[in-house]
Amino acid sequence: MINSKLVPIIVVVALLGLSHGLAYWSGQSAERQDQQLAAVTRERDDNAAINDLQQQLRRAESAAAGQLLAAETRYREGLLNVQAEKNRILADHVAGRQRMSVPVKAASGTTASAAANPAGDGADPAPRAELSHEAAEFLVGLAAESDAVAVELNRCADRVDIYERLLIKEEGS
């Protein structure tokens, strides 16, 4: 049926086609493996970079948490100091160890006598009125509130500084 001269040619052509097909398939397989290896290598490098950044972030967050704790401790101590100072001043006032007074205007036509100036140095001291316990308590309380607000503002400023430093570290990473 088939010419006997064509059989060896068909076999050679079939073998050549098969060898070329195997070579092509082998090349495709090697290229695919190279691409997969490159992808795996990229993924490994990316994961390592992500892990490094996460560790840096954890260290920065830990440092910021420590700084926030220190700022909170300073805040609490500041409030305690304000309250202690207020209590000390009021206790001294009640015990008579500290007198609180305000300058008052002398009545018109009245002159200060030598008895008003016990030092006798010739200087005319400004007349003063001593504060009642209630007035002293009000004014010292008002001053303590102002001091507490200053302590609170310092707390806020500390927090802003800490958060800014944390954000700068995150952006720099």
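Refer to the structure printed above.
These figures come from a predicted structure and were not determined experimentally. (Residues numbered from 1 in each chain as written. Predicted model: local features only at pLDDT ≥ 70, side-chain atom pairs only at ≥ 80, totals over all residues. Heavy atoms only, no water.)

Trainee: Sorry if this is basic, but what is going on with the overall build of the protein here?
Mentor: Helix and strand content of the protein: 2 helices and 2 strands. Seen in sequence order, the protein has helices and strands lined up from the N terminus as α-β-β-α. Within the protein, contacts between residues separated by at least 24 positions form 79% of all contacts whose residues are at least 6 apart in sequence. About 13,400 Å² of surface is accessible on the protein, with carbon and sulfur atoms providing 60% of the total. (Helix = DSSP H or I, 4+ residues; strand = E, 2+ residues; numbered from the N terminus. Contact = heavy atoms within 4.5 Å. Areas by Shrake-Rupley, 256 points an atom, 1.4 Å probe, with all protein chains shown as cover.)

Trainee: Sorry, what's going on with the packing of aromatic side chains here?
Mentor: Note on aromatic pairs: each is described by the distance of the centres and the angle between the planes. Summed over the entire model, instances satisfying the criterion amount to 0 aromatic pairs. Just above the ring of Tyr 75 sits the side chain of Arg 155; from NZ or CZ to the centre is 4.1 Å. (Phe/Tyr/Trp six-rings, centres within 6.5 Å; stacked < 30°, edge-to-face > 60°. Lys NZ or Arg CZ within 6 Å of the ring centre and 35° of its normal.)

Trainee: It is not clear to me how the pattern of salt bridges should be interpreted in this structure. Could you clarify?
Mentor: Per the counting criterion, the structure on display carries 10 salt bridges. With a closest N to O distance of 2.6 Å, Glu 85 and Arg 88 form a salt bridge. Of this pair, Glu 85 and Arg 88 both sit in helix α1 (residues 6-95), 3 residues apart, roughly one helical turn. Residue Arg 88 is classed as partly exposed on the basis of its relative accessible area, which comes to 39%. As a salt-bridge pair, Arg 97 and Asp 92 come within 2.8 Å of each other at their nearest N and O atoms. Judged by its relative accessible area of 61%, Arg 97 falls in the exposed class. Taking the relative accessible area as the measure of exposure, Asp 92 reaches 12% and is therefore buried. Residues joined by salt bridges that share partners form a network here, namely Glu 72, Arg 76, Glu 152, Arg 155 and Arg 159. (Salt bridge = Lys/Arg side-chain N within 4 Å of Asp/Glu carboxyl O. Buried < 20%, exposed > 50% of the residue type's maximum accessible area, 1.4 Å probe, protein only.)

Trainee: Help me out: how do you make sense of α1 in this one?
Mentor: An α-helical turn contains 3.6 residues, so any two residues separated by three or four positions project in the same direction. Taking 1.5 Å per residue, 90 residues should reach 134 Å; α1 reaches 131 Å between its end C-alpha atoms and fits that length. Within the span of α1, buried status applies to Ser 29, Ala 60, Ala 64, Ala 71, Glu 72, Tyr 75, Gly 78, Val 82, Ile 89, Leu 90, Asp 92 and His 93. In the stretch just after α1, Gly 96 is the one whose phi turns positive, near 85 degrees. (Expected span 1.5 Å × (residues − 1).)

Trainee: Looking at this structure, I do not really get the nonpolar core. What am I missing?
Mentor: A general feature of soluble globular proteins is that nonpolar side chains tend to end up buried together. Ile 89, Leu 90, Met 100, Leu 131, Ala 136 and Val 140 form the largest nonpolar core, which has 6 residues in total. When contributions to this core are tallied by element, the ones reaching two or more residues are α1 and α2 (133-172). Not counting chain neighbours up to four residues away, the residues in contact with Leu 131 comprise His 93, Met 100, Ser 101, Val 102, Ala 136 and Leu 139. Within the second largest apolar cluster, 5 residues are counted, among which are Ala 60, Ala 64, Ala 71 and Leu 166. (Core = buried A, V, L, I, M, F, W, Y, C linked by side-chain atoms within 4.5 Å.)

Trainee: What should I look at first to understand the side chain of Arg 155 in this one?
Mentor: Residue position: Arg 155 is located in helix α2. Those residues in contact with Arg 155 that lie beyond four places of it in its chain are Glu 72 and Tyr 75.

Trainee: What's the story with the side chain of Glu 72 in this structure? I'm lost.
Mentor: Positionally, Glu 72 belongs in helix α1. Accessibility expressed as a relative area gives 15% for Glu 72, which makes it buried. Here the side chain of Glu 72 touches Arg 159 through a polar contact of 3.3 Å, side chain to side chain. When residues no more than four places from it in sequence are discounted, the contact partners of Glu 72 are Arg 155 and Arg 159. (Polar contact = N/O pair within 3.5 Å; in protein donor to acceptor, adjacent residues only side chain to side chain.)

Trainee: Sorry if this is basic, but what is going on with a nonpolar patch on the surface here?
Mentor: A cluster of nonpolar side chains, contributed by Val 7, Val 11, Leu 15, Leu 18 and Leu 22, occupies part of the molecular surface with about 460 Å² of accessible area. Position of Leu 22 relative to the elements: it lies in helix α1. (Patch = residues over 30% accessible without salt bridge, like charges linked within 9 Å, V, L, I, M, F, W, Y side chains within 5 Å.)

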